[in-house]
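Residue-level listing of the chains:
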Amino acid sequence: MIKRNNGFKNLTAGYLFPEVARRRREYAASHPDAKIISLGIGNTTEPLPEYIAKALSDAALALGTPEGYSGYGDEQGLTALRQKIADVFYKDMATADEVFISDGAKCDIARVQTLFGSKVKIAVQDPAYPVYVDGSVIVGAAGKNNGKGYKGVTYMPCVPENNFFPDLSKIKKNSIIYFCSPNNPTGAVSSKEELQKLVDFANANGCIIIFDAAYREFIRDPSLPKTIFEIPGSRTCAIEINSFSKPAGFTGVRLGWSVVPKDLKFADGSLVHADWNRVMTTLFNGASNIVQKGGLACLDEQGLASMKSVIDYYLVNADLIKKTFEGENFKKAGAQVYFTGNSPYIWVKFPGRKSWDIFDTLLDKCHVVTTPGSGFGPAGESFIRISAFGHQKDVQEACERLSKLEM
Ligand code: PL4
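To start, this report covers the structure provided alongside it. (Residues numbered from 1 in each chain as written. Predicted model: local features only at pLDDT ≥ 70, side-chain atom pairs only at ≥ 80, totals over all residues. Heavy atoms only, no water.)

### As for the packing of helix H3 (residues 50–62) against helix H10 (residues 289–298)
In step 1: Two elements in contact, H3 and H10, have axes separated by 8 Å at closest approach and are oriented at 145 degrees. As for the relative orientation of H3 and H10, their crossing is right-handed in sense. From H3, Tyr51, Ile52, Ala55, Leu56, Ala59 and Ala60 reach across to H10, where they touch Ile290, Val291, Lys293, Gly294, Ala297 and Cys298.
In step 2: For the contact of H3 with H10, the residue count by class is 10 nonpolar, 1 polar and 1 charged. (Axes fitted to C-alpha atoms, helices over the stretch in contact; angles between N-to-C directions. Helix = DSSP H or I, 4+ residues; strand = E, 2+ residues; numbered from the N terminus. Left-handed = near helix turned anticlockwise from the far one by under 90°. Contact = heavy atoms within 4.5 Å. Nonpolar A, V, L, I, M, F, W, Y, C, P; charged D, E, K, R; others polar.)

Written as structure tokens, this is what we have:
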């Protein structure tokens, strides 16, 4: 018989989000009258702007005509979309042939792990989006869990005490560093000075940064960097991963991209870009042609304006949630609220309490689903994450219930 892949054997917990969904389902089954509101998983709720939905629909209809039909396309994506992404987001920072279109950021993170294999060292912000660590465990790069964390992973605590920017000196030479800004789950956005420190460290120590910028469109403070490629020196040490999921509401539609600069090299001098091209052409068959046309519409003037207004809507929710957790009832319970105004997530600490206990309390007493901070890594213990994705009337109702809670 075939032996089980050790990577799966080494996984010590289920994937966080299905676990949150399972607990919600179980609670709903045993409390059928509860009107549960989810502020847990970061899932978009607002309809696609009409302009973008129409572009998708036109592209689908065109496939039913001889002139409009297309089959397999280039695995790296439509040339026009690669060009548009380079022009809109990376002017003078990256070129169209350094942009690779994909079916979303999560899928690119998984493919990046095949690029570097099982012998590479890993460093992650702690807490972090769980795919960086769990994916590394599956490909064998993280090793076994010794109860405090996986052996092959350097956890870099990002906590209020260090203003959510890690101590880089902990990172081993020649590591892959996963870095997310605006951060999921803390909502912190690193400044240009902080990212410069990260880039300088990576260049000096043979590291490659995988920069996850999935929430870039939430940045409203113009002094904050929206891409790692704004930082001098980043082209020799960074890959960026991004997505249409959050800004365009494409969580179900599926479209993302990566940027791999041609200046980024392996120890033997070969180009990372060449191997990434091989990964994308061999293990991926291109994003849907319909969806890529939708992506092009997102980046027109009208598309960009409509994406901004949807994000503004979620930011109004975020502000309401922040104010609710700053209420007297939560203050009495010792809650500490972290929210930057540049992210869809509010990060709240309940000193001395367990994340899953807070999750259970809010679900049981308010019928509101959140995400336990401990699911994002050891430094997330005692925190919960509240997502601002949701219909405004649901968020308002959730906040009303939460503001009456006696903890
Ligand atoms: C639940 C930092 C959400 N089932 O949609 P994608 O694949 O382009 O982007 C996924 C993604 C990438 N990078 C970061 C993210 O936070 C996310 C989405 N995270 C969350 O609540 O943390 C959705 C999670 C989804 C999942 O597993 O990704």
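### Some remarks on unusual backbone geometry
In step 1: With omega at -5 degrees, the peptide bond leading from Ser181 into Pro182 counts as cis.
In step 2: Within the secondary structure layout, Pro182 lies in the loop between strand E5 (175–180) and helix H7 (192–205).
In step 3: Its identity as a non-glycine residue notwithstanding, Asn174 has a phi of 55 degrees, on the positive side.
In step 4: Of note, Asn174 is situated in the loop between strand E4 (153–157) and E5.
In step 5: Phi is positive for His367, close to 60 degrees, though the residue is something other than glycine.
In step 6: Structurally, His367 can be placed in the loop between helix H13 (355–366) and strand E11 (368–369).

### Examining the layout of surface pockets
In step 1: Here the largest pocket defines a volume of roughly 600 Å³.
In step 2: What lines the largest pocket is a set of 27 residues, among which Thr12, Ala13, Ser374, Gly375 and Gly377 lie closest to the centre.
In step 3: For the lining of the largest pocket, the secondary-structure elements that each account for two or more residues are helix H2 (16–30), strand E3 (121–126) and helix H6 (131–138).
In step 4: At 3 residues, the largest contribution of residues to the lining of the largest pocket is made by E3.
In step 5: Here the residues of the lining of the largest pocket are counted per class, giving 14 nonpolar, 9 polar and 4 charged.
In step 6: Of the voids in this model, the second largest pocket is the one considered here, and its volume is about 460 Å³.
In step 7: Elements that contribute at least two residues to the lining of the second largest pocket include exactly helix H5 (105–116) and helix H8 (245–248). (1 Å grid on protein atoms, 1.4 Å probe; cavity = no way out; pocket = protein on both sides within 12 Å on 5 of 7 lines; lining within 4 Å. Points joined across faces, edges and corners; volume = space filled by probe spheres on them.)

### Structural notes on the sheet that holds strand E12 (residues 371–372)
In step 1: The sheet built from 4 strands is open, its strands ordered E9-E10-E13-E12 with antiparallel pairing. Of all strands in the sheet, those bounded by a partner on one side alone are strand E9 (336–338) and E12.
In step 2: Relative to strand E13 (residues 383–387), E12 runs antiparallel, the two being bridged by 2 bridges. By the bridge assignment, Thr371 is partnered in E13 with Arg385. (Pairing = 2+ DSSP bridges.)

### Considering the nonpolar core
In step 1: Core analysis: the largest hydrophobic core is formed by 94 residues, its most contacted members being Ile85, Ile209, Ile239 and Phe244.
In step 2: In this view, Ile239 contacts Leu115, Phe116, Ile208, Ile209, Ile210, Phe211, Phe229, Val259, Val260, Leu264 and Val272; residues no more than four positions away in its chain are not counted.
In step 3: Membership of the second largest hydrophobic core comes to 23 residues, among which are Ile321, Ala335, Cys366 and Ala388. (Core = buried A, V, L, I, M, F, W, Y, C linked by side-chain atoms within 4.5 Å. Buried < 20%, exposed > 50% of the residue type's maximum accessible area, 1.4 Å probe, protein only.)

### Things to note about the site of the ligand
In step 1: In the region of the ligand, 20 residues are neighbours, and Tyr15, Tyr129, Tyr215, Ser243 and Ser245 sit closest.
In step 2: Take Arg254: an N or O atom from its side chain is 2.7 Å from an oxygen atom of the ligand.
In step 3: When the ligand is considered free in solution it has 600 Å² of accessible area, and contact with the protein chains removes 88% of it.
In step 4: With respect to the detected pockets, the ligand is housed in the second largest pocket.
In step 5: Of all the elements in the fold, those that place two or more residues in the shell around the ligand are H5 and H8. (Near = heavy atom within 4 Å. Polar contact = N/O pair within 3.5 Å; in protein donor to acceptor, adjacent residues only side chain to side chain. Areas by Shrake-Rupley, 256 points an atom, 1.4 Å probe, with all protein chains shown as cover. Sits in = over half its atoms within 2 Å of the grid points.)

### What to know about a positive patch on the surface
In step 1: Together, Lys3, Arg4, Lys9, Lys144 and Lys151 make up a positively charged patch on the protein surface.
In step 2: By the secondary structure assignment, Lys144 is in the loop between H6 and E4. (Patch = residues over 30% accessible without salt bridge, like charges linked within 9 Å, V, L, I, M, F, W, Y side chains within 5 Å. Salt bridge = Lys/Arg side-chain N within 4 Å of Asp/Glu carboxyl O. Lys, Arg positive; Asp, Glu negative; His and termini not counted. Charge placed at Lys NZ, Arg CZ, Asp CG, Glu CD.)

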